[in-house]
Amino acid sequence: MANIMIRKSAAGGLVFYLPKRDIEDAISSIEFDTPEKWGGELKLANGGTYYIDPIPEPARLPISLRAKRVDGVE
Amino acid sequence: MSAISREETQELIQEVLEVYPEKAKKDRAKHLMINDKTLESSKKCITSNRKSLPGVMTMRGCAYAGSKGVVWGPIKDIISISHGPIGCGQYARGGRRNYFAGTSGVDAFCELNITSDFQEKDIVFGGDKKLAKLIDEIEMLFPLNKGISIQSECPVGLIGDDIEAVAKKKAADIGKPVIPVRCEGFRGVSQSLGHHIANDSVRDWVINNRAGQEFESTPYDVAILGDYNIGGDAWASRILLEEMGLRVVAQWSGDGTLAEMENTPNVKLNLLHCYRSMNYISRYMEEKFGIPWMEYNFFGPTKIKESLREIASHFDDKIKEGAERVIAKYTPAMEEIIAKYKPRLQGKKVMLYVGGLRPRHVVGAYEDLGMEVVGTGYEFAHNDDYDRTIKEMGDATLIYDDATGHELEDFVNKLKPDLIGSGIKEKYVFHKMGYPFRQLHSWDYSGPYHGYDGFAIFAKDMDLTVNNPVWQMMKAPWLKDAA
């Protein structure tokens, strides 16, 4: 488990940031993206996959969360 | 266009690595790369923020240096105690020339070395009592201080002193913020962790101090983050922002005050110059207070122009017009400077090895003068810094992370740059080798280099260094005369 931060990029997409590993990359897909259920598996542009417990869609980004590494870089 | 090809650069790296033992060679190879602009991420080509190899000469500092020397030290109206033996404080006292407006020892304290001067008995019996006494003495001697930060040195962490408890008790006694910073030098691999720890202590002990208090804000409030006012840099940046109509609420932390930092949550935009040392607090403020942040670059007219426009794009038309007005006002003066110095500097090659933001930020300023940066590297950068550097540097240029003394000397001997920009530890080696050299940590006691005013000084300094005839007369003392 690692502390991560998800923020909106200037272009409007989601950006994943893992401070401990200096990983900052665009999120290419998010498993659940509805107002009630948001999160699940995050696929990153660099090929990595992380998992966050689904939560109701946050009212404001950025948000700090705990994430599990599923696959890929570090 | 690069001076040497990819293959040649690769050969050069191999040659330099040759002297290392097998294991060290394998490790160091990961820290050297040849730039390829098409790369999106540096991760695959360069490893950074790793422990330095035992036995090589590294130029890195420690966590205490990152916290006291860089982030906390320049805040002028608080007193940073160097808690521990006396040496650390002495060498971290105003050495970076963080200028401030104020009277030293009365209402500004950057230049003082205030330390608990640990002795054997403090190691044996603990230093907490001494620290409490020290804070009382500070209050008596310097009543105009606005707060106190306790910067721990290595022994404090080793003996397990509870500086947080002392800080809480004393803060209640004196009625001012007392901030414990756990920046013992042994933490982390370089000063970079010290920046992070300092940012975290600001987050925990400073930023929410004025929550709920009234603040007269305007729509044009910004804060300058990560500008340490070296030689007056932050002032040269600030006037440009003010001229375009923005109100600079806070300077972090060169010539900054505690009140400015406490007021920062009210700004509309955080302007981040040194990404490495202050991105942590910017990200925190974005999440907590919804303040967007952006990186900018005030080295050289091309980058200033881009940055001013980008800053203005966060505001309304009034500021956008202001930015254009500022650009138009300074452009003729900048053209004059370039016309004067470019012919003298055109085509000269530069090698950089600095820290923080300069290995990528000053590239634009050199290019404005017609110079070419053939190699660059950081002492303590992380991967995200290299991601940004790849885009700034030319193809097939050399990039080195945590370069050792041997590597740097060999690279210089092979690439034969016309100018080297690095720090005091490298300066005299390269002087003796007969290379023009500028310190890019402290601007070689010149400056400011930020902003339009700074560029005029930058161009002049580079010309004075590169075209100084003394360098042709130099011969390294270890090279015997042929005669």
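Everything numeric in this text was worked out from a predicted model, so none of it was measured.

**Considering the pattern of salt bridges**
All names here are of chain B. Throughout the structure, instances matching the rule amount to 36 salt bridges over all chains. The partner of Glu137 in a salt bridge is Lys133, and the shortest N-O contact between them spans 3.9 Å. One end of the pair is Glu137 and the other is Lys133, both in helix α6 (residues 128–141) and four residues apart, which spans about a single turn. Residue Lys133 is classed as exposed on the basis of its relative accessible area of 55%. Of the charged contacts, one joins Arg276 and Asp384 as a salt bridge, the two residues approaching to 3.0 Å between their closest N and O atoms.

**Here we look at the interface of chain A and chain B**
On the side of chain B, 17 residues touch chain A, which itself brings twelve residues to the contact. At the boundary of chain A with chain B, total buried surface from both sides reaches about 1,200 Å², with 38% on carbon and sulfur atoms. Where chain A packs against chain B, one counts five residue pairs in polar contact (both at pLDDT 80 or more). Elements supplying a minimum of two residues to the side of chain A that touches chain B: β1 (2–8), β3 (23–33) and β6 (63–71) of chain A. Here the side of chain A that touches chain B is built from residues that sort into five nonpolar, one polar and six charged.

**Here we look at the side chain of B:His83**
Inspection of the secondary structure puts B:His83 in strand β2 (residues 78–83). Setting aside anything within four residues of it in sequence, one finds B:His83 in contact with B:Ser116, B:Phe118, B:Gly127, B:Leu131, B:Ile150, B:Gln151, B:Ser152, B:Glu153, B:Val156, B:Asp161 and B:Ile163.

**Considerations on the sheet that holds strand β7 (residues 247–253) of chain B**
All names here are of chain B. Spatial strand order, β7-β6-β8-β9: four strands in an open sheet with parallel pairing. Looking at the sheet topology across the chains shown, the edges are occupied by β7 and β9 (293–295). Within the sheet, the average angular offset between the axes of one strand and its neighbour, ignoring direction, is 25 degrees. Strand direction decides the pairing type here: strand β6 (residues 221–227) and β7, joined by five bridges, are parallel. By the bridge assignment for β7, Ile224 is matched with Gln251.

**Here we look at helix α1 (residues 6–17) of chain B**
All names here are of chain B. Its twelve residues place the ends of α1 17 Å apart at the C-alpha level, agreeing with the 16 Å of an ideal helix rising 1.5 Å per residue. Turning to α1, its buried residues are Thr9, Leu12, Ile13, Val16 and Leu17. End-on view of α1: buried residues confined to an arc of 130 degrees, all on one side of the axis. Structural note: α1 exposes Glu7 and Glu11 on the side pointing more than 90 degrees away from its buried face. Packing partners of the buried residues in α1 comprise α2 (22–29), β1 (32–34), β12 (398–401) and α18 (405–415).

What counts as what
Residues numbered from 1 in each chain as written. Chains lettered and ligands numbered in written order. Predicted model: local features only at pLDDT ≥ 70, side-chain atom pairs only at ≥ 80, totals over all residues. Heavy atoms only, no water. Salt bridge = Lys/Arg side-chain N within 4 Å of Asp/Glu carboxyl O. Helix = DSSP H or I, 4+ residues; strand = E, 2+ residues; numbered from the N terminus. Buried < 20%, exposed > 50% of the residue type's maximum accessible area, 1.4 Å probe, protein only. Contact = heavy atoms within 4.5 Å. Buried area = accessible area lost by both parts, 1.4 Å probe. Polar contact = N/O pair within 3.5 Å; in protein donor to acceptor, adjacent residues only side chain to side chain. Nonpolar A, V, L, I, M, F, W, Y, C, P; charged D, E, K, R; others polar. Pairing = 2+ DSSP bridges. Axes fitted to C-alpha atoms, helices over the stretch in contact; angles between N-to-C directions. Expected span 1.5 Å × (residues − 1). Arc of directions from axis to C-beta.

Without other data, these values stay purely geometric and don't point to any function.
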